[in-house]
Amino acid sequence: MGAVTDMEPAWVEQYQAALKDFLAGAEDQALKRAYQIGREAAASPIDLKALALVHHQLVAALLPAGKDLLDRAFIPLAQVLQGYGEAVAELREAYKALESKAHKHLAELAAVGETLEAEIAERRLAEMALRDSEARFRVVFERAGIGMALLDKKGRVRESNLALAQMLGYPGHELHGKTLFDFTYPEDREISLEHFRELVEGKHAHYKLEKRFIRRDGELLWARKIVSGVYGVGGELQLAVAMIEDITESKRAEMALRESESRFRQIADMAGEWIWEQDGEGRYLYSSAAVSEILGYRPEEIIGKYYYELFTPEDRRRIEPTAKTLVKDGAFRAIINRYQHKDGHEVFTESSGAPILDKRGKVIKWRGVDRDVTERKRFEDALRLRDRAIEASSVGILITDALKPDNPIIYANPAFLRITGYSLEELLGKNPRFLQGPDTDSEAIAEIRAALKEGRDCHLTLKNYRKDGTPFWNELLISPVRDENGKLTHFVGVQTDVTELRRVEEQRHELEIAKQIQLSLLPRAPLRAEGIWVAGFCLPAFHVGGDYFDYFSTQDTVDIVIADVSGHSVGAAMIMAETRSTLKMETHRRLKEKMGSTDKAAETLAVLNDLLFEDLNRADLFITMFYAQYHPTTRQLTYANAGHNCPMLLHQGKSLELDTEGLVLGVKKGVTFEQKRLVLERGDVLLLYTDGVTEAQNQAGEFFGTSRLWEVFTAHAQESPQSIIDAILCQLEAFCQSKSFHDDISLVVLKVI
């Protein structure tokens, strides 16, 4: 009350007592005393301004103890003013001289009253807002689904809600006065104290951490704790609000999942199979260590890559455009993938996987396993190729069981059935001697018996008999088969019907056989398919030759090939025949396995090179070849070249040579051939030829050459493929003045119609 200097302490105490009584509920007596104070004030030296100041100070001091009485605190002052006014009125006559001064005091008092009323109104609004805020806080505090506590600066619980009590297993009164650190798991206590100390020091206004509490029953409770500080004007912490959420179940699930994943990864790393996870788009999320053994990559090197990025370039180009639709399919099992090892070589795996779905059935990720089947795949491919070669062979092949009495037949290929006229059921279990008859050479029979007895090779020609009794000359090759211990287990008999060849003069016997085989392998007529017309011609320089051409339709392409085997011997012709058979088998394999045949020109050359390498190397021969695939639907021509003459193309009035990089077949294994593509237009004409055409010489020693070939080709380009071939042959015969040539002549013409 130091601000009041003109008022006696007794007056202050009287008014303070009256104001307190009034606020306490003793209104009548308090108002009477206030009224009396006002009357006495009229006669005292105290002015109303001082009285109003006292009232203001008293209200300010008393209000915190009775905030709800704010709107009534002005009533005692009004009574004082009323008493004062009445006393003044009574004294007016006596104090007329002081009227001017009284008016001044009243004006001052009115001004003070207005100020007080404004302050009272402001305080009333603030009090109402505070009450509303406290009510909302109290509802949230008591009804919250998570534990809540109000803490002092030492961390002691001043208030706590029911959720916290239930969470910790203590009644609320047992929590009050204790710190939350008293219930904290020992290993988590220090970090909790450190965070709270920093909150008290104002280093941060709030913090969050996951910690463990010990419940009253001794059970461990995992909680997520958020603590926020409430600070005064001076920056001191007044209280802290702690919110505690029980995360025990989720933490247990998380730890169980972490333990499960740890076991999974440990098992995956120990397993020899490559275990992986991919996201919904096919990018690797996880890879076991086995990928290093299988593909040469560290697991972290493939994380984030699409699965097809590890495939061979050819498979990557094929799969990438449709990859997003493929990953939407369901589980898959034992599919064969072809990867490219980090060092460049091919790796085949057998892959199985399944999608992981969310509640709506959407793919979250994929999980699967690959195992390396490269060696098995190579063995199976070789075995499959052998079986197909045997099945497709034009010569009869028999296998007999040398471990059983009388060497019974256990296998015969279709060619053998066709040659002899017997069915497989009629052959199985019998000895091949039933093919012998009255005119079979006894010396040949004796040689066969000796070879079988001695377990050695036997090669001879003898007369055998078909089922219908007709004889045929059989060129027979018998070879023994031994197991890894050298024990004889089987005999393989290769039988060729050489009856027709025997009818030809002896001196030309081999040449005639080869010629018949060679001619039988060439297309018999031009090919007309959707939007395309193809014709070909081959003229051997002698009875047999090394040239070869072919054209045939597959599922979605027309394949065209022309080749030239070095030399003009029977060996060259046989290599040509073998090349043709191998090519047909490779094409048949792709179609049968539904691998597709499109865009395989370069790959076909690579396969042929590897398959024929040993035979070519032993025969000291090589092959040049040009291979093309035409897509009628897109008119796209895909081609590759193995050292052959570049075909000539008339494309929209322009003259082009189709040139690609590629080594001749039979020089080395593992050759990669360049592949190119070109879209043809209606009217385009393609000419394939062997070097016998351009290297044909006239009597003066001049070569026919590519320039003359271009001239003839261009001049007759509007005619049919066969007419173009005939025109070239006519010009060639005229140039050489001969119908025979020193080298094989082969021509193939493709025309887009």
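Residues numbered from 1 in each chain as written. Predicted model: local features only at pLDDT ≥ 70, side-chain atom pairs only at ≥ 80, totals over all residues. Heavy atoms only, no water.

Peer 1: Go over the sheet that holds strand S12 (residues 409-412) with me, naming the residues and quoting the values.
Peer 2: The sheet built from five strands is open, its strands ordered S12-S11-S15-S14-S13 with antiparallel pairing. The sheet is open, and its two edges are formed by S12 and strand S13 (458-465), each paired on a single side. Put simply, the sheet's adjacent strands are angled 25° from each other on average, direction ignored. Two strands pair when backbone bridges link them, and strand S11 (residues 396-401) and strand S15 (residues 488-497) are joined in this way by six bridges, in the antiparallel orientation. Looking at S15, one finds that Gly396 is bridged to Gln495. Of the strands in this sheet, S13, strand S14 (471-482) and S15 are in contact with helix H17 (residues 442-454), which crosses S13 at around 130°. (Pairing = 2+ DSSP bridges. Helix = DSSP H or I, 4+ residues; strand = E, 2+ residues; numbered from the N terminus. Axes fitted to C-alpha atoms, helices over the stretch in contact; angles between N-to-C directions. Contact = heavy atoms within 4.5 Å.)

Peer 1: Which residues make up the packing of aromatic side chains, and what are the values?
Peer 2: The geometry of an aromatic ring pair is captured by the separation of the ring centres together with the interplanar angle, meaning the angle of the planes. Tallying each qualifying case throughout the model produces 15 aromatic pairs. Relative to Phe183, the ring of Tyr170 has its centre 4.9 Å away and its plane inclined at 55°; by these criteria the two rings are tilted. In this pair, Tyr170 sits in the loop between helix H6 (162-168) and helix H7 (172-175) while Phe183 sits in the loop between H7 and helix H8 (186-200), placing the two residues 13 residues apart along the sequence. The same class applies to Tyr170 as to Phe183, namely buried. (Phe/Tyr/Trp six-rings, centres within 6.5 Å; stacked < 30°, edge-to-face > 60°. Buried < 20%, exposed > 50% of the residue type's maximum accessible area, 1.4 Å probe, protein only.)

Peer 1: Please give an account of unusual backbone geometry that cites residues and values.
Peer 2: Positioned with a positive phi, Ala334 is a non-glycine residue whose angle comes to about 55°. Locating Ala334 in the fold gives a position in strand S8 (residues 332-340). Since its relative accessible area comes to 37%, Ala334 is described here as partly exposed. Backbone geometry at Gln652 places phi at a positive 55°, although glycine is not the residue there.

Peer 1: Explain the side chain of Asn407 to me, using residue names and the numbers behind them.
Peer 2: Position of Asn407 among the secondary structure elements: in the loop between S11 and S12. Side chain to side chain, Asn407 and Thr400 meet in a polar contact 3.3 Å long. In contact with Asn407, other than residues within four places in its own chain, are Thr400, Asp401, Ala402, Lys430, Asn431, Pro432, Leu452 and Phe491. (Polar contact = N/O pair within 3.5 Å; in protein donor to acceptor, adjacent residues only side chain to side chain.)

Peer 1: Explain the nonpolar core residue by residue, including any values.
Peer 2: Of all hydrophobic cores here, the largest spans 50 residues; its most connected members are Ile623, Met625, Leu637, Leu665, Phe673, Val748 and Leu750. Ranked by residues supplied to this core, first place goes to helix H21 (residues 601-619) with seven residues. In this structure Leu665 touches Leu605, Leu608, Asn609, Leu616, Phe622, Ile623, Met625, Ala642 and Phe673, once residues within four positions along its chain are discounted. The next biggest cluster of nonpolar side chains, apart from the first, holds 26 residues, and it includes Leu650, Val685, Tyr689 and Leu709. (Core = buried A, V, L, I, M, F, W, Y, C linked by side-chain atoms within 4.5 Å.)

Peer 1: Tell me about the packing of helix H23 (residues 705-715) against helix H24 (residues 721-736), residues and numbers included.
Peer 2: Packed helices, taken two at a time, are described by their axes: the angle between them and the distance between them. At a closest axis distance of 9 Å, the pairing of H23 and H24 adopts a crossing angle of 140°. Considering their axes alone, H23 and H24 lie oblique with respect to each other. Here the hand of the crossing between H23 and H24 comes out right-handed. Where H23 approaches H24, its residues Arg708, Leu709, Val712 and Phe713 are matched on the opposing element by Ile724, Ala727, Ile728, Gln731 and Phe735. (Parallel < 35°, antiparallel > 145°, perpendicular 65-115°, else oblique. Left-handed = near helix turned anticlockwise from the far one by under 90°.)

Peer 1: Go over the pattern of salt bridges, please, and point to the residues and values.
Peer 2: The full count for this structure, using the stated rule, is 42 salt bridges. In this structure, Arg212 and Glu187 form a salt bridge, with 3.6 Å as the shortest nitrogen-oxygen distance. Here the residue Arg212 occupies a position in strand S3 (residues 206-214), and Glu187 occupies one in helix H8, the gap between them amounting to 25 residues. A salt bridge links Lys365 to Glu277; the nearest nitrogen and oxygen atoms lie 3.3 Å apart. You can see Lys365 sitting in strand S10 (residues 363-372) and its partner Glu277 sitting in strand S6 (residues 274-279), a full 88 residues away along the chain. (Salt bridge = Lys/Arg side-chain N within 4 Å of Asp/Glu carboxyl O.)

Peer 1: Now, about H8: what can you tell me, with residues and values included?
Peer 2: End to end, H8 covers 22 Å across 15 residues, agreeing with the expected 21 Å (1.5 Å per residue, within 8%). Where H8 terminates, the next one or two residues include Gly202, which has phi positive at roughly 80°. (Expected span 1.5 Å × (residues − 1).)

Peer 1: So what about the pairing of S13? Which residues, and what values?
Peer 2: With eight bridges joining them, S13 and S14 adopt antiparallel strand pairing. Residue pairing in the sheet places Tyr465 in a bridge with Pro471 of S14. The turn linking S13 back onto S14 is made up of five residues, and Gly469 within it adopts a positive phi angle of 95°.

Peer 1: Before we move on, can you summarise the sheet that holds strand S7 (residues 284-287) with the specific residues and values?
Peer 2: Spatially, five strands are ordered S7-S6-S10-S9-S8 in an open sheet, and the strand pairing comes out antiparallel. Strands with a single pairing partner mark the edges of an open sheet, and in this sheet they are S7 and S8. Here the average twist between neighbouring strands, direction ignored, is 30°. Pairing of S6 with S10 involves six bridges; the strand directions are antiparallel. Residue pairing across strands places Trp276 opposite Gly368, the latter belonging to S10.

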